[in-house]
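Here are the chains, one letter per residue:
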Amino acid sequence: MTSAKIQMFEQFAALARVLGHAHRLELLEHASQGERPVERLAELSGLSVANTSAHLQQLRRGGFVKTRRDGKHVLYRLADGPVLDLLSALRRYAERNSAEVREIAADYFGKLDALEPVTRVELVSRLKDKDVTLLDVRPDDEFALGHLPGAINIPLEELERRLADLPKEQEIVAYCRGSYCVLSFEAVAALRAKGYRIRRLEDGFPEWKAAGLDVEMAA
């Protein structure tokens, strides 16, 4: 007879298999920004709607996402519970133990921004002192679903033509979807090259919200 412990481990292994696909991890990052239909998630991930739907069904069965029907659309969102904590632990483990992960981080992300990011604790303090400008470089539909208090939304592709919206006399903190979201890295590199004082937030909007910190919704 299989022991209860082995039965538990089999369930843990089944959940780990659900997460064992790069596209599913990316879809979780997108779902963590807020509730959206499969069509938008497919567009963001560069997958077909059918392929995206198949991955999302696996994530739903594993309890990582939840769904809600809105007319003809099925909306997906991150499930309750420590999903972000699990993904963060996976990221930290990979950074510590995978030479390939460290190499990718150094070769791509490190070249765009080698400065230490701003921690959430530091940012909370600086927001109280009003000595920092927050820049959200996610698409406007993600910004509308929720953002850090007082943030300016300039999607990365609009950055060049909206430079006048950003102050040069005050440091800017940019953020987007998470620790390895390329949008904020590229925004930092582009603005720093133009003489702006800018740093990244250590992670993104989902982690800020999960930490119980204040968020705003678009009017």
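Here the structure is shown first, and the text comes after it.
Criteria and thresholds
As a convention, each chain's residues are numbered from 1 in the sequence order in which they are written. pLDDT decides what is reported in this predicted model: residues at 70 or higher carry local features, side-chain atom pairs at 80 or more are listed and counted, and totals for whole chains, interfaces and linings draw on all residues regardless. As a rule here, side-chain values come from all non-hydrogen atoms in the structure, and water together with hydrogens is ignored. Cysteine sulfur atoms are paired as a disulfide whenever they come within 2.5 Å of each other. Each residue gets one of three labels from its accessible area relative to the maximum for its type: buried under 20%, exposed over 50%, partly exposed in between, using a 1.4 Å probe on protein chains only. Orientation is described by lines fitted to C-alpha atoms, with helices fitted over the stretch in contact, and by angles between N-to-C directions that extend from 0 to 180 degrees. For the purposes of this entry, the term helix denotes a DSSP run of H or I that reaches at least four residues, the term strand denotes a run of E that reaches at least two, and both are numbered from the N terminus. Any angle that is under 35 degrees is reported as roughly parallel, and any over 145 degrees as roughly antiparallel; angles of 65 to 115 degrees are reported as roughly perpendicular and all others as oblique. We call two residues in contact whenever any of their non-hydrogen atoms come within 4.5 Å of each other. By the convention adopted, Pro, Cys, Tyr, Trp, Phe, Met, Ile, Leu, Val and Ala count as nonpolar, Lys, Arg, Asp and Glu as charged, and the other residues, Gly among them, as polar. When DSSP locates at least two bridges between a pair of strands, those strands are taken to pair. Within this analysis, the arc is defined by the directions that extend from the helix axis to the C-beta atoms. The patches reported here contain residues having more than 30% relative accessible area and no salt bridge. Joining distances are 9 Å for like charges and 5 Å for nonpolar side chains (Val, Leu, Ile, Met, Phe, Trp, Tyr). Here the Shrake-Rupley method, with its probe set to 1.4 Å, supplies the accessible areas, and only the displayed protein chains count as covering residues. By convention in these notes, a salt bridge is any Lys or Arg side-chain nitrogen within 4 Å of a carboxyl oxygen on Asp or Glu. Here the nonpolar core consists of buried residues drawn from Ala, Val, Leu, Ile, Met, Phe, Trp, Tyr and Cys, with membership extended through side-chain atoms lying within 4.5 Å. Points on a 1 Å grid, built from protein atoms alone, make a cavity when a 1.4 Å probe fits but cannot get out and make a pocket when they are open with protein on both sides within 12 Å along at least 5 of 7 lines; residues with an atom within 4 Å of a point are the lining residues. Grid points are joined across faces, edges and corners, and a volume is the space filled by probe spheres set on the points.

What follows concerns the state of the cysteines. Tallying each qualifying case throughout the model produces one disulfide. Paired through a disulfide, Cys-176 and Cys-181 show a sulfur-sulfur distance of 2.4 Å. Residue classification places Cys-176 among the buried positions, given a relative accessible area of 0%. Residue classification places Cys-181 among the buried residues on the basis of a relative accessible area of 3%.

What follows deals with the packing of helix α5 (residues 83-97) against helix α6 (residues 99-112). Where α5 meets α6, the closest approach of the two axes is 5 Å, and the angle between their N-to-C directions is 95°. Classified by the angle their axes make, α5 and α6 are roughly perpendicular. Between α5, through Ala-94, Glu-95, Arg-96 and Asn-97, and α6, the contact on the second element is made entirely by Ala-99, Val-101 and Arg-102. Split into classes, the residues belonging to the contact of α5 with α6 amount to three nonpolar, one polar and three charged.

It is worth spelling out the sheet that holds strand β1 (residues 36-37) at this point. Spatial ordering of the open sheet is given by β1-β3-β2, a layout of three strands whose pairing is antiparallel. Edge positions in the open sheet fall to β1 and β2 (65-70), since each of these has one partner strand only. The sheet contacts of helix α4 (residues 49-61) involve β2 and β3 (73-78), and relative to β2 the element is tilted by about 115°.

In an α-helix, one turn spans 3.6 residues, which is why side chains three or four residues apart end up on the same side. Of the residues making up helix α2 (residues 22-31), those classed as buried are Arg-24, Leu-27, Leu-28, His-30 and Ala-31. Down the axis, α2 shows its buried residues gathered within 160° of arc, on one side only.

A sheet is described by the order of its strands in space; here four strands give the open sequence β5-β4-β6-β7, paired in parallel fashion. Unpaired on one side and paired on the other, β5 (152-153) and β7 (198-204) mark the two borders of the sheet. Strand direction decides the pairing type here: strand β4 (residues 133-136) and strand β6 (residues 172-176), joined by four bridges, are parallel. Counted as the bridge partner of Leu-134 is Val-173 from β6.

Now for a nonpolar patch on the surface. There is a patch of nonpolar side chains on the surface, built from Ile-6, Met-8, Phe-9 and Phe-12 and spanning about 400 Å² of accessible area. Note on placement: Ile-6 falls in helix α1 (residues 4-19). On the basis of relative accessible area, Ile-6 is assigned to the partly exposed category, the value being 37%.

With that settled, consider the nonpolar core. By size, the foremost hydrophobic cluster in this structure holds 17 residues, and its most contacted members are Leu-135, Leu-159, Leu-166, Leu-191 and Ile-198. Elements with a contribution of two residues or more to this core: β6 and α9 (182-193). The element best represented in this core is α9, accounting for four residues. Each residue touching Leu-135, except ones within four places of it in the same chain, is listed here: Ile-152, Ile-154, Leu-159, Leu-166, Ile-172, Val-173, Ala-174, Tyr-175, Leu-191 and Ile-198. Formed by 16 residues, the second largest nonpolar core is a distinct cluster that contains Val-18, Leu-28, Phe-64 and Leu-87.

Let us now look at the layout of surface pockets. It is a probe the size of a water molecule, rolled over the atoms, that shows where empty space is left. What the largest pocket holds in volume is close to 840 Å³. Taken together, 26 residues form the lining of the largest pocket, with Leu-25, Glu-26, Glu-29, Arg-91 and Tyr-180 sitting closest to its centre. Elements supplying a minimum of two residues to the lining of the largest pocket: α2, α5, α6 and α9. Ranked by residue count, the leading element in the lining of the largest pocket is α5, at seven residues. Looking at the lining of the largest pocket, its residues break down into 16 nonpolar, four polar and six charged. For the second largest pocket, the lining is made up of 27 residues, of which Leu-78, Leu-84, Pro-206, Glu-207 and Ala-210 are closest to its centre. If you list the elements that add at least two residues to the lining of the second largest pocket, you get β3, α5, β7 and α10 (205-210).

Limitation: the analysis is restricted to geometry and does not speak to function.
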